[in-house]
Amino acid sequence: MAKSLVIAYVLWFFGGWFGLHHFYLRRDRHAFIWWSTCGGVFGIGWLRDLCQLPEYVRDVNEDKDYMEELTARMRKSGPKYSTWRFGGEMVMGILLGCLVHSALPEELTADGSPYQKIVLLLCPLGVAIGIHLVGNVGREMASFKVAVVTAYLTYPVFFNLNGITYSTLFSAIAVNWKGRSWRRSKRKSGLCRRISILGLCGTLYLILWGSTLYYNSYVTTKDGEVVKLRDAVQNFFKSPAWAETKQTFKDLYAFYQIHGFGRIWEQIVESMDPQGESNARRVLGLTDSATQEEITSACRKLSRQWHPDKQKDHKAKKKAQEKFIEIRKSCDVLSDISIKRSERNKSRSPTKDRTEF
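First, a word on scope: everything that follows refers to the structure included in this document. (Residues numbered from 1 in each chain as written. Predicted model: local features only at pLDDT ≥ 70, side-chain atom pairs only at ≥ 80, totals over all residues. Heavy atoms only, no water.)

What follows is about helix α11 (residues 163-178). The end-to-end C-alpha separation of α11 is 22 Å, in line with the 22 Å expected for 16 residues at 1.5 Å each. Considered for burial, the residues of α11 that qualify are Gly-163, Ile-164, Ser-167, Thr-168, Ser-171, Ala-172, Ala-174, Val-175 and Asn-176. For α11, the secondary structure elements touched by its buried residues are α7 (83-103), α9 (117-135), β1 (140-142), α10 (144-154) and β2 (180-182). (Helix = DSSP H or I, 4+ residues; strand = E, 2+ residues; numbered from the N terminus. Expected span 1.5 Å × (residues − 1). Buried < 20%, exposed > 50% of the residue type's maximum accessible area, 1.4 Å probe, protein only. Contact = heavy atoms within 4.5 Å.)

As structure tokens, then:
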């Protein structure tokens, strides 16, 4: 079925940054590049597509005049050099090369590490894949052999001088010099196959980003201490917060087994503590079965204990003030909830003021 230019422009406008218009026009590599670089390097390629879409539609529909022009170009010479394509090869080569490098734990990539050979093996491969991906967009083909051989030959040479950038540069030059040719015919794959391949590529791309964040990202605590994200994640799974989360899921499952799906949403909302009652009781050190007298007693006791005026040291006074405010807020929350429940119970009780005869 012929593709519509109008639909292509609509998809370009609403989903162009994710490559939806390219997917519609069966340009799957193009779509993946747009998705992985936020619209072709933060919207630059997306804007260029505004002028290129008519040609893309003629290509996918194999318009008679367009195919005659294309055939004439193919017979005349090989693909012409394109600054846009070369720039895209540089961007994707550097992106995937750096992403592969950063996805590895720092212990493996540090100077003097016995595992540093892994970097020499994987980073040039990422560079070659990025160049090959861009080089094979549309009616042109790029030799993966040329890209990967050049990447592996140049990366070790410039290893200590930003090797990924230089490796990408020389690989892109080599591909544009000796590794480009025309794609004589396009293979038409089914929708399920196309989605599966794009889904697999997207998953691998996200895994690389996830590994990068997990192994080589840091979080800063309120005390200014820098902690590796992976250590913070491991500590989180040992923390009381995670234990409470697990217990919440267990309670929800037990509730589902007894009551079914009918009331599960009500229980989910309750477990989220929308009024802040559970958190307020935790701050005051009270259980869910605490009486109003116990709540009042805890509020008075903790307010006296953490009153800022009792502290002379500046840091201790500041800490006490924060704790005092938290205690007062918790007391106010429980007080408001108690008043609302009392008023609600009164409105629901039967009227006893009746005239007897």
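Our next topic: the state of the cysteines. Using the criterion set out here, one finds one disulfide in the structure. Sulfur-sulfur distance for the disulfide between Cys-299 and Cys-331 comes to 2.2 Å. In this structure the cystine formed by Cys-299 and Cys-331 twists about its S-S bond by roughly -120 degrees; its chirality is therefore left-handed. You can see Cys-299 sitting in helix α17 (residues 292-305) and its partner Cys-331 sitting in helix α18 (residues 314-348), a full 32 residues away along the chain. We classify Cys-331 as buried; its relative accessible area is 6%. Unpaired in this structure, Cys-123 has its nearest cysteine sulfur neighbour in Cys-98, at a distance of 7.9 Å. When its relative accessible area of 0% is taken as the criterion, Cys-123 is described as buried. (Disulfide = S-S within 2.5 Å.)

On to the layout of surface pockets. There is about 1,300 Å³ of room inside the largest pocket. What lines the largest pocket is a set of 38 residues, and nearest its centre among them are Asp-28, Arg-29, Leu-133, Ile-197 and Cys-201. Looking at the lining of the largest pocket, the element that brings in the most residues is helix α12 (residues 191-216), giving nine residues. Classifying every residue of the lining of the largest pocket by side-chain character gives 18 nonpolar, seven polar and 13 charged. There is about 910 Å³ of room inside the second largest pocket. Arg-48, Tyr-56, Ser-82, Trp-84 and Arg-85 are, among the 38 residues lining the second largest pocket, the residues nearest its centre. Elements with a minimum of two residues in the lining of the second largest pocket: α3 (28-36), α4 (38-42), α5 (44-60), α6 (64-76) and α7. (1 Å grid on protein atoms, 1.4 Å probe; cavity = no way out; pocket = protein on both sides within 12 Å on 5 of 7 lines; lining within 4 Å. Points joined across faces, edges and corners; volume = space filled by probe spheres on them. Nonpolar A, V, L, I, M, F, W, Y, C, P; charged D, E, K, R; others polar.)

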